[in-house]
Every structure is written in structure tokens, then in C-alpha cells.
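# Reading the structure
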Amino acid sequence: MTEDGAVTRVEAGGPGAHWAPGTQILWRYRENGGPRFHIARPVTVVEDTEDLLAVWMAPGTECVRPVLADGTPVHAEPLESRYTKPRTVRRDRWFGTGVLKLARPGEPWSVWLFWEPGWRFKNWYVNLEEPLVRWSGGVDSEDHFLDICVYPDRSWEWRDEDEFAQAQRAGLMDARQAEGVRLAGRSAVESIRAWEAPFSAGWQHWRPDPSWPVPPLPDDWNRTAAHLTT
């Protein structure tokens, strides 16, 4: 592993068709406009079928997140310079309640479920991103800045539109890519308005297996392998 998140090449064994519940994998994001991984989160597989990958990120999970080269948290930097200053990565822990992540093959977003303490359901969060690419140790994507928050009363709102616009001004996304993200977002909104799965699937009532340990962050969290399928 390198401190700046530069990719380390490591051979990976051939995976099975699907991961069994309880399997520990990595959910990773590449940096925008670059080849390195800057987000890596160990998660536990809840369900993995032809139609859906569901994973659980437990409270206290050690993760990798981007920071500015001087250690400043990304979101503490003014928006105008947030995407132009040099960055590195830092190991940290996911505090607060855990997150259930749901993704369907080939879909340009994943849906995350958040709870308040005591398992009071808070909201769904549609994270617009590249369709997940599977490999032997997990899944990879690239975040697209724009998101949608969906509430238990079925209302919804766009999130991070300011970051989406700034990323375009900073050259991290051209007009064609931005329009593709907007189209994906509108498609997600249609699913929300129709109240389709996963919003209608009852995942807010799901609970993790209490016997599952918190997955460790491997030293080679930034390894590459032959990507398999979306």
C-alpha cells in the first residue's frame, strides 16, 4: 500500500459466481479524474444474487477516505478550491450507525439506508455513480457527486448539486458526462415516484446478524485485479 492511495498490483484468485452471506469484501471508489482508489470500505455481504448486491457497513469499520494533502477534511475546504488542491488518503473509522448498501447490476446508482440510534429509520440515499464492477475482493465504482435523499414519507430532494456543478467547473466531468449523470438521476427519480424496489422492498426493517464481526481493512486495500463483470 502507498500513502497516497496509488494502486498496488496484486494477483487475485478466481471468485465464485456470487458471494455467500457473511462474506467480507471491499466497496471502493476511484478518485475522479485519476486512476487511484481514494475510498475503501470493508463490508459484509447480506445478499448477492443475479438481481441485487446488498452489503452492510458496520459502525466502527476502519475505512480509507480522501483528505487534502495538509490533512484538511475535504468538506472543510471551500467549494471553490475543494477539487483543485492536492489530496492524499487517510485511514479513519465510520462512526455513528451502520449503513446498508444496495446495488443492482448495471445500474448507475446504489441506494444506501441510514438509521438513527435505536434503529429509527432515517432515509434512503441514492448515490449516483458508475455501475459497480465486480472483482474477486469486492466492487469498484466512481462517484458522480450528485445524489438524491428519499424520506420515509416518500418525499425526496436532490443533494450536492453545488458539488456537482463545481466538479464540472474544475474539469472533473465534461458536459457529456454531466448530462449522463442527470439522465441517471431522472431515471432514479422515476423509480422513486413509482415507489419501486428497493424503496418498496422493506429493507428498512432489516437487521444485521449479531454474530458478524466488523471486517478489517486489509493492508492491500488498493490492490487491482482482473475486473469480472458489472
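Right above here is the structure, for reference.
Notes on the structure in this doc start here. (Residues numbered from 1 in each chain as written. Predicted model: local features only at pLDDT ≥ 70, side-chain atom pairs only at ≥ 80, totals over all residues. Heavy atoms only, no water.)

## Looking at the pairing of strand E7 (residues 99–103)
- For E7, the buried fraction is high: 5 of the 5 residues fall into the buried class.
- Bridging between strand E4 (residues 53–57) and E7 involves 5 bridges; their strand directions are antiparallel. The residue of E7 that forms the bridge with Leu 53 is Ala 103.
- Pairing analysis gives 4 bridges linking E7 to strand E8 (residues 109–116), with the strands arranged antiparallel. Considered in E8, the bridge of Leu 102 is made with Val 111.
- Taking the residues between adjacent antiparallel strands as the criterion, E7 and E8 are bridged by 5 residues, where Gly 106 takes a positive phi near 80°. (Buried < 20%, exposed > 50% of the residue type's maximum accessible area, 1.4 Å probe, protein only. Helix = DSSP H or I, 4+ residues; strand = E, 2+ residues; numbered from the N terminus. Pairing = 2+ DSSP bridges.)

## Comments concerning helix H1 (residues 161–169)
- Listed as buried for H1 are Glu 163, Phe 164, Gln 166 and Ala 167. With its buried residues spanning 170° around the axis, H1 presents them on a single face.
- Residues of H1 that are buried sit in contact with strand E11 (138–150) and helix H2 (175–193).
- Phi turns positive, to about 85°, at Gly 171, one or two residues after H1. (Arc of directions from axis to C-beta. Contact = heavy atoms within 4.5 Å.)

## Let's talk about the side chain of Ser 81
- Along the chain, Ser 81 falls in the loop between strand E5 (62–68) and strand E6 (87–93).
- Given the relative accessible area of 17%, Ser 81 is considered buried.

## With respect to the packing of H1 against H2
- The contact between H1 and H2 brings their axes to 10 Å, and the two run at 160°. With respect to each other, H1 and H2 are oriented roughly antiparallel. H2 is crossed by H1, and the crossing has right-handed handedness. Residue-level inspection shows Glu 161, Phe 164 and Gln 168 of H1 in contact with H2, the latter providing Ala 178, Val 181 and Arg 182.
- Among the residues making up the contact of H1 with H2, the classes are represented as 3 nonpolar, 1 polar and 2 charged. (Axes fitted to C-alpha atoms, helices over the stretch in contact; angles between N-to-C directions. Parallel < 35°, antiparallel > 145°, perpendicular 65-115°, else oblique. Left-handed = near helix turned anticlockwise from the far one by under 90°. Nonpolar A, V, L, I, M, F, W, Y, C, P; charged D, E, K, R; others polar.)

## With respect to the pattern of salt bridges
- Across all of its chains, the model carries 14 salt bridges by this definition.
- Put simply, Glu 62 and Arg 91 hold a salt bridge, and the shortest N to O gap is 3.3 Å. A residue pair is termed long-range when its members are at least 10 positions apart, and Glu 62 in strand E5 and Arg 91 in strand E6 qualify at 29 residues.
- A relative accessible area of 30% places Arg 91 in the partly exposed class.
- A salt bridge links Glu 77 to Lys 85; its shortest N-O distance comes to 3.1 Å.
- The structure contains a network of salt bridges with shared partners spanning Glu 62, Arg 91 and Asp 219. (Salt bridge = Lys/Arg side-chain N within 4 Å of Asp/Glu carboxyl O.)

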